[in-house]
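Survey of secondary and tertiary structure
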Amino acid sequence: MNIICIIPARFASTRFPGKPLVDIGGKSMIQRVYEQAQKAKGITKIIVATDDERIEKAVKKFGGNVVMTSPHHQSGTDRCAEVVKYTDEEFDIVINVQGDEPFIHPEQIEQVAKTLAQHNTEIASLVRLVKNNDDVFDPSKVKVTLDYTKKALYFSRSPIPFNRNAGDKNWISDTDYYLHVGIYGYRADVLREISALPTGKLELSESLEQLRWLENGYAIHMDITSHESYGIDTPEDLENIKHML
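These notes cover the structure that comes with them. (Residues numbered from 1 in each chain as written. Predicted model: local features only at pLDDT ≥ 70, side-chain atom pairs only at ≥ 80, totals over all residues. Heavy atoms only, no water.)

1. Looking at the overall build of the protein
Helix and strand counts for the protein stand at 10 helices and 11 strands. Across its three principal directions, the C-alpha atoms of the protein cover 55 × 40 × 35 Å. When the 245 residues of the protein are sorted by exposure, 52% land in the buried category. Expressed as a percentage of contacts within the protein between residues at least 6 apart in sequence, the contacts between residues at least 24 apart total 68%. A total accessible area of about 12,100 Å² is found for the protein, and carbon and sulfur atoms account for 47% of it. Mean positive and mean negative side-chain charge positions of the protein (29 and 36 charges, respectively) differ by 2 Å. (Helix = DSSP H or I, 4+ residues; strand = E, 2+ residues; numbered from the N terminus. Buried < 20%, exposed > 50% of the residue type's maximum accessible area, 1.4 Å probe, protein only. Contact = heavy atoms within 4.5 Å. Areas by Shrake-Rupley, 256 points an atom, 1.4 Å probe, with all protein chains shown as cover. Lys, Arg positive; Asp, Glu negative; His and termini not counted. Charge placed at Lys NZ, Arg CZ, Asp CG, Glu CD.)

See the structure below:
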């Protein structure tokens, strides 16, 4: 089974411009993501997909594979789809590791690929159990509700489910809450399909691309990871993870 890992990376982030190139302990963020992906077993190829020559230059400097893509993509998934469309190789599974996850665990990449293969599902991703009650109310932390088979019911920046019977400080003691981890896996044929879908109303409201897929009836199988996630969306997030180094 051929598996490609694509790392979408754009320079013009609204909340943190240039974040793929920020220094984290002597290496750029994008290099750290790439090196974590290299440790994952079973990956056939790794490519950074970007629309910025500065990122392209940085990736080539550390010896990584990089492809320049259109500057008009609205999501990382669309950027992945362009790479797969024009590559000369055939891939069964595409893993999308977001370029702001410098501490993604190799086991998580392997877990997503395994979930796709085992469950024969269309799209796969990961969640982790919320351990800090403040995360439930943080709009930068995406919450997920699951059905009994671990398929996603909904993603939101708001607290879901809403716990009407508990005070704010007691929510995670009453109910399990799950945070989305920044990684997706798609069957290659499904990736081509979802990248052709028009933007959905829910997606526009929450600014979450995965809601477009749910609106159109695609199943997203979520597996639970025990590893902590340290996605970097803001300069404050970067300051908070420096202790890890």
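Back to the text.
2. So, the nonpolar core
Counting 30 residues, the largest nonpolar core has Ile6, Val94, Ile123, Phe155, Tyr186, Ile194 and Trp213 as its most contacted members. Excluding its chain neighbours within four sequence positions, the residues that come into contact with isoleucine 123 are Leu116, Gly185, Tyr186, Val190, Ile194, Trp213, Tyr218, Ala219, Ile220 and His221. Cys5, Ala9, Ile30 and Ile104 belong to the second-largest nonpolar core, a separate cluster that totals 27 residues. (Core = buried A, V, L, I, M, F, W, Y, C linked by side-chain atoms within 4.5 Å.)

3. Description of the state of the cysteines
Taken as a whole and judged by the stated rule, the model has zero disulfides. Note on cysteine 5: no disulfide assigned, nearest cysteine sulfur contributed by cysteine 80 at a separation of 8.5 Å. Relative accessible area serves as the criterion here: at 0%, cysteine 5 is assigned to the buried category. (Disulfide = S-S within 2.5 Å.)

4. A word on the pattern of salt bridges
Tallied over the full model, the rule gives nine salt bridges. Note that lysine 19 and aspartate 100 form a salt bridge whose closest N and O atoms lie 2.9 Å from each other. With lysine 19 in the loop between strand S1 (3–9) and strand S2 (23–24) and aspartate 100 in the loop between strand S6 (93–97) and helix H4 (106–119), this pair connects stretches of sequence that are 81 residues apart. Lysine 19 gets classed as buried once you look at its relative accessible area, which sits at 11%. Overall, the relative accessible area of 9% leaves aspartate 100 in the buried class. (Salt bridge = Lys/Arg side-chain N within 4 Å of Asp/Glu carboxyl O.)

5. Observations regarding the pairing of strand S7 (residues 123–129)
Buried residues dominate S7, accounting for six of its seven residues. As paired elements, S7 and strand S10 (residues 178–187) share seven bridges and run antiparallel to each other. Bridging across to S10, isoleucine 123 finds its partner in tyrosine 186. Of the pairings in the sheet, the one linking S7 to strand S11 (residues 220–224) comprises five bridges and is parallel in character. (Pairing = 2+ DSSP bridges.)

6. Some points on helix H1 (residues 29–38)
For H1, a buried count of eight out of 10 residues is recorded, marking the element as mostly surrounded by other parts of the structure. Within H1, the full set of buried residues consists of Met29, Ile30, Gln31, Arg32, Val33, Tyr34, Gln36 and Ala37.

7. Things to note about the side chain of serine 75
Position of serine 75 among the secondary structure elements: in the loop between strand S5 (66–68) and helix H3 (76–86). Judged by its relative accessible area of 10%, serine 75 is buried. A polar side-chain atom of serine 75 sits 3.1 Å from a polar atom in the side chain of glutamate 209. (Polar contact = N/O pair within 3.5 Å; in protein donor to acceptor, adjacent residues only side chain to side chain.)

8. With respect to the side chain of aspartate 78
Looking at the secondary structure, you find aspartate 78 in helix H3. Buried and unpaired, aspartate 78 has arginine 212 as its nearest opposite-charge partner, separated by 4.3 Å. If sequence neighbours within four positions are ignored, aspartate 78 has contacts with His73, Ser195 and Arg212.

9. Some thoughts on the pairing of S6
The element S6 is largely enclosed, with a buried count of five among its five residues. Both faces of S6 are covered, namely the face carrying Ile93, Ile95 and Val97 and the face carrying Val94 and Asn96. The pairing of S1 with S6 spans four bridges and is parallel. Residue isoleucine 4 lies in a different strand from S6, and its bridge partner there is valine 94. As judged from the five bridges shared by S6 and S10, these two strands associate in the antiparallel manner. The residue of S10 that forms the bridge with valine 97 is isoleucine 183.

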